[in-house]
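# Structural description and commentary
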Amino acid sequence: MPTRYWLMKSEPGEYSLDDLKNEPDQTEHWDGVRNYQARNFMRDDMQVGDGVLFYHSGKKPEVVGTARVVRTGYPDHTAQDPKNNHFDPKSTPENPIWFMVDIKFESEFKAPIPLKTLRDVAALKDMILLRRGNRLSVMPVTKKEFDTIVKLGGKK
DNA sequence: GCCAACGTTGGC
DNA sequence: GCCAACGTTGGC
């Protein structure tokens, strides 16, 4: 399986790249995704070693750095916790509906790249992220797109 | 805070 | 199986 590339969105107020960086092992499970398309990518397609662009949505939409997939899809246990915001009574241990992967911090961009800037880069014009009305929180990016963005960001 | 776009739900 | 109503996402 070739290395693939992904973009993962998070509200920094919920979970930011800094939060990931400050985990004891700089690794965290990506729980809380409740969208089937995003779920399928995590359950079926993401492989250990895949590259991840970490995107902050909200007031300052921008790509802030990179991470790596370190564990392939497994059931998202938060779906079975009635106290969790993302609780889904239809998901059971025997029949889990929702899945997550583990990602590990890799790099923080010297200069985060605002969404607005991404729109101005010709090599990125086909990105799913830039499509009108896009609401996917986990989506594939091509190697070209990934490399272009990493180059724009510059490693810290 | 607004609103367009989208996914999901539920009545029929 | 259709589609209106609703809730949510997320850029602006």
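Residues numbered from 1 in each chain as written. Chains lettered and ligands numbered in written order. Predicted model: local features only at pLDDT ≥ 70, side-chain atom pairs only at ≥ 80, totals over all residues. Heavy atoms only, no water.

### Quick notes on the overall build of chain A
For clarity, the cut-off: The way it works is that DSSP assigns letters per residue, a run of H or I at least four long becomes a helix, a run of E at least two long becomes a strand, and they are numbered from the N terminus. The size measure is the radius of gyration over C-alpha atoms, and the globule rule it meets is 2.2 Å times the number of residues to the 0.38 power. Burial classification: accessible surface area is computed with a 1.4 Å probe over protein chains only, and a residue below 20% of its type maximum counts as buried, one above 50% as exposed, and the rest as partly exposed. Contacts between residues were defined by any pair of non-hydrogen atoms, one from each residue, lying within 4.5 Å. The Shrake-Rupley method, run with a 1.4 Å probe, gives the accessible areas here. Residue values count only the displayed protein chains as cover.
Secondary structure summary: chain A contains four helices and six strands in total. Mapped in sequence order, the helices and strands of chain A form the string β-α-β-α-β-β-β-α-β-α. In terms of C-alpha radius of gyration, chain A reaches 15 Å, essentially the compact-globule figure of 15 Å for 156 residues. Projecting the C-alpha coordinates of chain A onto the three principal axes gives extents of approximately 45 × 35 × 35 Å. Looking at chain A as a whole, 46% of its 156 residues are labelled buried. Sequence separation of at least 24 residues holds for 73% of the intrachain contacts in chain A that already meet a minimum separation of 6. Accessible surface for chain A amounts to roughly 8600 Å². Of this, 49% is attributable to carbon and sulfur atoms.

### A word on the environment of Phe146
With respect to the element layout, Phe146 can be found in helix α4 (residues 143–153). Residue class for Phe146 comes out buried when judged on its relative accessible area of 6%. Between the C-alpha atom of Phe146 and that of Leu129, which follows or precedes it by 17 residues, the distance is 12 Å. Ignoring sequence-local partners within four residues, the contact set of Phe146 consists of Tyr5, Gly51, Val52, Leu53, Thr66 and Val141.

### Brief notes about α4
Side chains three or four residues apart in an α-helix point the same way, a direct result of the helix having 3.6 residues per turn. When α4 is considered as a whole, its buried residues turn out to be Glu145, Phe146, Thr148, Ile149, Val150 and Gly153. Residues of α4 that are buried make contact with β1 (5–10), β3 (51–56), β4 (62–75), β5 (99–114), α3 (115–118) and β6 (138–141). In the segment just after α4, Gly154 is the residue with positive phi, at about 70 degrees.

### Remarks on the environment of Val69
Among the structural elements, Val69 can be located in strand β4. Residue classification places Val69 among the buried positions, given a relative accessible area of 1%. Look past the residues within four positions of Val69 in its chain and what remains in contact with it is Met46, Gln47, Val48, Gly49, Asp50, Val52, Asp102 and Ile103.

### Here we look at the protein's contact with DNA strand B
Rules: Throughout this document, a residue counts as near a molecule or strand when at least one of its heavy atoms sits within 4 Å of that molecule or strand. Each residue gets one label: Ala, Val, Leu, Ile, Met, Phe, Trp, Tyr, Cys and Pro are nonpolar, Asp, Glu, Lys and Arg are charged, and the others, such as Gly, are polar.
Neighbouring DNA strand B are Tyr36, Lys90, Arg132, Gly133 and Arg135. Protein-proximal atoms of DNA strand B, defined as those within 4 Å of the protein, fall in sugar or phosphate at a share of 67%. Grouping the amino acids of the surface near DNA strand B by side-chain chemistry returns one nonpolar, one polar and three charged.

### Concerning the layout of surface pockets
This is how the line gets drawn: Points on a 1 Å grid over protein atoms alone make up a cavity when a 1.4 Å probe fits among them but cannot get out, and a pocket when they form an open set with protein on both sides within 12 Å along at least five of seven lines; lining residues each have an atom within 4 Å of a point. Grid points are joined across faces, edges and corners, and a volume is the space filled by probe spheres set on the points.
Reported here for the largest pocket is a volume of approximately 610 Å³. Around the largest pocket, the lining is made up of 19 residues, and of these Ser10, Glu14, Asp31, Gly32 and His86 lie nearest the centre. Looking at the lining of the largest pocket residue by residue, the class counts come to four nonpolar, nine polar and six charged.

### Quick look at the environment of Trp98
As a reminder of what qualifies: In the analysis that follows, any N or O atom pair within 3.5 Å is treated as a polar contact, provided that within protein one partner can donate a hydrogen and the other can accept it, and provided that, for residues neighboring in sequence, both atoms belong to side chains.
Looking at the element boundaries, Trp98 is found in the loop between β4 and β5. Taking relative accessible area as the criterion, Trp98 reaches 4% and is therefore assigned buried. Here the alpha-carbon distance between Trp98 and Pro112, two residues 14 residues apart in the chain, equals 31 Å. Looking at Trp98, its side chain comes within polar contact range of the side chain of Asp88, at 2.7 Å.

### So, the nonpolar core
Note the following rule: Here, nonpolar core means buried Ala, Val, Leu, Ile, Met, Phe, Trp, Tyr and Cys residues that are tied together by side-chain atoms lying within 4.5 Å of each other.
Of all hydrophobic cores here, the largest spans 40 residues; its most connected members are Trp30 and Ile103. For this core, the element with the most residues is β5, which contributes five residues. Not counting chain neighbours up to four residues away, the residues in contact with Ile103 comprise Met8, Leu20, Gln26, Thr27, Glu28, Trp30, Val52, Phe54, Ala67, Arg68, Val69 and Val70.

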